[in-house]
Amino acid sequence: MAIRSLTAAAMALPLLFLPGCKKEATPPVEVTVQAEHPEQASMSEHINVDAILAPLAQAAIEPKITAPVRKFYVQRGDKVKEGELLVTLENTDLTAAALDNTGSYMAAEAAYATATKAQVPEDAQKAELDFAQAKANLDLNQSIVNSRKQLFAEGAIPGRDLDTAQAALVQVQAAYDSAARHLDSVKNVSREAALKAAQGQLSSAEGKLKGAQAQVSYSEIHSPINGVVTDRPLYAGETATAGAPLLTVMDTSSLLAKTHVAESLVQQMKVGDEAEVRVPGVADPVPAKISLISPALDPGSTTIEVWLKIDNKAGKLKVGTPVKASVTGKTVDKAWKIPASAVLTAQDGSKAVMLVASDGTAHRKPVTLGISDGDDVQVTSGLSASDMVITGGAYGLDEGTKVKVGPAEADDEAKPAAGKAGGAD
């Protein structure tokens with residue numbers, strides 16, 4: 001038995017060295033990728049942000065008085081114009097108070113007219129007449145005293161007559177001085193004070209009347225802006241409370257897409273720049289323009305608020321809708337660009353692309369990127385026009401992998417073949 005085993009082994013040994021029995025080597029797997037050369041063209045950066053649609057103007061109308069609603073003239077969705085009457089509140093008591101103050105004002109007007117056109121002029125005229133009469137009496141008595149002094153000196157009259165004349169002169173002089181002081185007081189003090197008192201009473205009555213009329217006007221509520229009624233929480237007969245919104249009117253002819261953008265990106269924007277907004281349910285993007293860039297950072301988020309103005313005369317867009325906004329930023333005229341899908345990002349944040357070398361293998365090459373328009377990115381360094389950049393299928397591709405350029409559909413067909421080749425090993 002041992003001899004037969006050795007003989008069989010000796011006969012089988014030469015068979016191992018026959019060419020037909022040698023194991024074939026597995027050919028390397030080729031991965032199908034999509035690739036293209038960098039393209040030079042003009043491109044603009046697009047800054048994509050989230051935004052909320054807000055009205056161009058809004059007025060939450062609050063009554064200044066508390067009163068039941070008498071009548072509404074508008075419903076939700078009604079278009080209104082500035083100054084249009086929207087609602088009236090019960091105002092019977094206010095109208096009565098205004099009427100009472102109207103009567104008081106008319107009485108004050110009459111008193112003012114009497115004071116300025118009759119009483120004050122008459123008092124001044126009477127004071128002037130009293131002064132003139134006192135002066136005439138003074139002059140008369142002075143002449144009498146002078147003549148009696150002369151007669152007394154000549155011995156024609158007794159001294160008693162001279163004394164009587166002098167006593168009468170003293171009395172007349174006192175009356176004259178009193179009349180002069182009264183006239184001066186009427187001219188400089190009493191007249192002016194009387195006019196001010198009459199004017200004050202008239203002004204007071206006028207102020208009360210205007211206050212009462214204002215209370216009546218508060219019962220009629222008008223629209224402060226052109227727009228659409230978006231809220232009306234009460235019904236006729238319910239009590240409207242002062243300080244609580246009764247109606248809300250929004251100007252939705254244009255809408256504002258309000259968003260917050262990082263300060264570094266805002267430096268590339270200016271008022272009037274073009275933008276577009278993508279609204280849920282609307283197939284095409286809606287054109288917009290930057291209408292406001294806040295001059296200060298938001299203290300909470302350290303971002304800057306930016307408003308994009310959108311035309312909405314058709315009324316299709318609704319306030320409060322969350323949208324995606326894209327703002328056109330920096331533009332480069334002759335930029336080398338590649339698809340954004342071709343860029344690979346390492347863990348340290350560095351950027352690279354995979355190239356198809358002349359020997360048909362894939363090689364990684366670091367690049368420096370510039371602006372992005374969403375679909376393409378600018379390459380500022382690291383590539384040349386002759387480089388063949390892998391734009392599809394580069395993810396997970398190892399350095400030196402054998403690749404061939406083909407359509408994306410071919411990639412799916414190559415995967416089963418690669419699997420079969422691997423299974424043959």
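Predicted model, so just to flag it, every value in this text is computed and none were measured.

Trainee: For the confidence of the model for the chain, give the residues involved together with the corresponding values.
Mentor: This prediction gives the chain a mean pLDDT of 83; 87% of its residues lie at or above 70. Note on residues 1-18: pLDDT under 50 across the span, and 1 contact to partners over four residues away in sequence or across chains. For residues 410-425, every residue scores under 50 in pLDDT, and the model assigns this stretch 8 contacts once sequence neighbours within four places are set aside.

Trainee: Can you lay out the environment of Ala 51 for me, pointing to particular residues and giving the numbers?
Mentor: Tracing the sequence through the fold places Ala 51 in strand β2 (residues 39-61). Spatially, the C-alpha atom of Ala 51 lies 9.1 Å from that of Leu 308, the residues being 257 residues apart in sequence. Other than its neighbours up to four places away in sequence, Ala 51 contacts Ala 257, Lys 258, Thr 259, Thr 321, Pro 322, Val 323 and Ala 325.

Trainee: How would you sum up the sheet that holds strand β6 (residues 220-222)? Please name residues and give values.
Mentor: Spatial strand order, β6-β5-β3-β8: 4 strands in an open sheet with antiparallel pairing. This sheet does not close on itself; its edge strands, each paired only once, are β6 and β8 (239-240). Both strand β3 (residues 67-72) and strand β5 (residues 85-89) contribute to a ladder of 3 bridges, which runs antiparallel. Within the sheet, the bridge partner assigned to Val 69 lies in β5 and is Leu 89.

Trainee: Tell me about the pairing of strand β18 (residues 376-381), and please be specific about residues and values.
Mentor: The pairing of strand β13 (residues 322-339) with β18 spans 3 bridges and is classified as antiparallel. Paired with Lys 337 across the strands is Gln 378, a residue of β18. Note that strand β17 (residues 368-372) and β18 share 3 bridges and pair antiparallel. Directly across from Thr 368, in β18, lies its bridge partner Ser 381. Connecting β17 to the antiparallel partner β18 that follows it, the hairpin turn spans 3 residues, and Gly 374 within it adopts a positive phi of roughly 100 degrees.

Trainee: Pulling in residues and values, what's your account of the packing of aromatic side chains?
Mentor: Summed over the entire model, instances satisfying the criterion amount to 1 aromatic pair. Ring geometry for Phe 131 and Tyr 176: centres 5.2 Å apart, planes at 35 degrees, overall tilted. With Phe 131 in helix α2 (residues 92-154) and Tyr 176 in helix α3 (residues 159-217), the pair connects residues that are 45 residues apart, well separated along the chain. The ring centre of Phe 72 lies 4.1 Å from the NZ or CZ of Arg 232, which sits over that ring.

Here is what the cut-offs are and how they apply
- Residues numbered from 1 in each chain as written.
- Predicted model: local features only at pLDDT ≥ 70, side-chain atom pairs only at ≥ 80, totals over all residues.
- Heavy atoms only, no water.
- pLDDT = per-residue confidence, 0-100.
- Contact = heavy atoms within 4.5 Å.
- Helix = DSSP H or I, 4+ residues; strand = E, 2+ residues; numbered from the N terminus.
- Pairing = 2+ DSSP bridges.
- Phe/Tyr/Trp six-rings, centres within 6.5 Å; stacked < 30°, edge-to-face > 60°.
- Lys NZ or Arg CZ within 6 Å of the ring centre and 35° of its normal.

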